[in-house]
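Coordinate inspection notes
The primary structure of each chain is shown beneath.
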Amino acid sequence: MRILLLAAVLMVSAAPAFAVDTLRCGSRLANVDMTAAEVLAVCGEPDYRDVWRVPGAAPGYLGAVEEWTYNRGSSQLLRVLRFRNGRLQRIDADGYGFADDGARDCAQLGIQRGMSKYRLVAQCGEPVTKTIDVVRAPVERHSRVYDPRATYEAWETVYREEWVYNFGAARFMRIVHLDNGRVTDVEFGGRGFDVR
């Protein structure tokens, strides 16, 4: 009996304090399945909001997806909250945060694959143009996150964007491709131009 009691105590003490579907905001918690309004009441306004619409399960249905990013400085992880139709679906981390002092440095090697849209805007500012499309694309095996509630297909709906940055006549334009808010490719365009 003592061995069973000791084993139970050890299992409880080894369990993590919070599951991955919980985010601490001060003394309060935001949980998966909360509405966007409830999360705002708990955590306040995010540092960045990204909204896109993707076709849903029903024919002709367009579902809204929002990604909110909270940046609490360089000593804490960026928290990315994914909402679907107004409900919190997932909470992820995106590396350590940073001080957003307004300085922009979009160096040649500064835009990396996998970079979030929030980091891209913080580093390079807003692009000169944006092109948006919703496509069906194959799912990359390594990008899948196991979810016992999900059904896995070989194809998924992707919110695809192309952003063009102009750095003036002395440099080439930069064309950045994003899928679902993450950089997938960067290429050089033609010579930039000076804004008059």
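Our subject in this report is the structure included herewith. This one's a predicted model, so the numbers in the text were calculated from it and none came from an experiment. (Residues numbered from 1 in each chain as written. Predicted model: local features only at pLDDT ≥ 70, side-chain atom pairs only at ≥ 80, totals over all residues. Heavy atoms only, no water.)

Things to note about the overall build of the protein chain
A count of helical and extended segments in the protein chain gives three helices and 10 strands. Taken from N to C terminus, the helices and strands of the protein chain fall in the order α-β-β-α-β-β-β-β-α-β-β-β-β. When each of the 196 residues of the protein chain is scored for burial, the buried share is 35%. Within the protein chain, contacts between residues separated by at least 24 positions form 40% of all contacts whose residues are at least 6 apart in sequence. (Helix = DSSP H or I, 4+ residues; strand = E, 2+ residues; numbered from the N terminus. Buried < 20%, exposed > 50% of the residue type's maximum accessible area, 1.4 Å probe, protein only. Contact = heavy atoms within 4.5 Å.)

Looking at the side chain of Asn71
Following the sequence through the fold, Asn71 ends up in the loop between β4 (62–70) and β5 (77–84). Reaching out from Asn71, the side chain makes a polar contact with the backbone nitrogen of Gly73 at a distance of 3.1 Å. Within the local environment of Asn71, its side chain forms a polar contact with the side chain of Tyr118, the two groups lying 3.1 Å apart. Apart from residues lying up to four places away in sequence, Asn71 is in contact with Asp47, Leu78, Gly97, Phe98 and Tyr118. (Polar contact = N/O pair within 3.5 Å; in protein donor to acceptor, adjacent residues only side chain to side chain.)

Some words on the sheet that holds strand β10 (residues 182–191)
With antiparallel pairing, four strands are arranged side by side in an open sheet as β7-β8-β9-β10. Every other strand in the sheet has two partners, leaving β7 (129–138) and β10 as the edge strands with one partner each. Adjacent strand axes in the sheet meet at a mean angle of 20 degrees, parallel and antiparallel pairs treated alike. Pairing geometry for strand β8 (residues 155–165) and strand β9 (residues 172–179), over six bridges, is antiparallel. Of the residues in β9, the one forming a bridge with Glu161 is Leu178. In the packing of helix α3 (residues 117–124) onto the sheet, contacts are made with β8, β9 and β10, and the angle to β8 comes to roughly 0 degrees. (Pairing = 2+ DSSP bridges. Axes fitted to C-alpha atoms, helices over the stretch in contact; angles between N-to-C directions.)

Some points on unusual backbone geometry
One non-glycine residue, Asp33, adopts positive backbone phi at about 85 degrees. Among the structural elements, Asp33 can be located in the loop between β2 (28–31) and α2 (36–43). The backbone of Asn85 sits at a positive phi, close to 50 degrees, despite the residue not being glycine. Among the secondary structure elements, Asn85 is positioned in the loop between β5 and β6 (87–96).

Looking at the packing of aromatic side chains
Taken as a whole and assessed by the stated rule, the structure comprises seven aromatic pairs. Their ring planes at 20 degrees and their centres at 5.5 Å tell us that Trp52 and Tyr159 sit as a pair that is stacked. Taken together, the positions of Trp52 in strand β3 (residues 48–55) and Tyr159 in strand β8 put the pair 107 residues apart, joining distant regions of the chain. Neither residue differs from the other here; Trp52 and Tyr159 are each classed as buried. Here the aromatic cluster, defined as three or more aromatic residues joined through ring pairs, consists of Tyr48, Phe98 and Tyr118. One residue, Arg171, lies across the ring of Phe167, its end atom 4.5 Å from the ring centre. Looking at Arg191, its charged tip hangs above the ring of Phe172, at a distance of 4.5 Å from the centre. (Phe/Tyr/Trp six-rings, centres within 6.5 Å; stacked < 30°, edge-to-face > 60°. Lys NZ or Arg CZ within 6 Å of the ring centre and 35° of its normal.)

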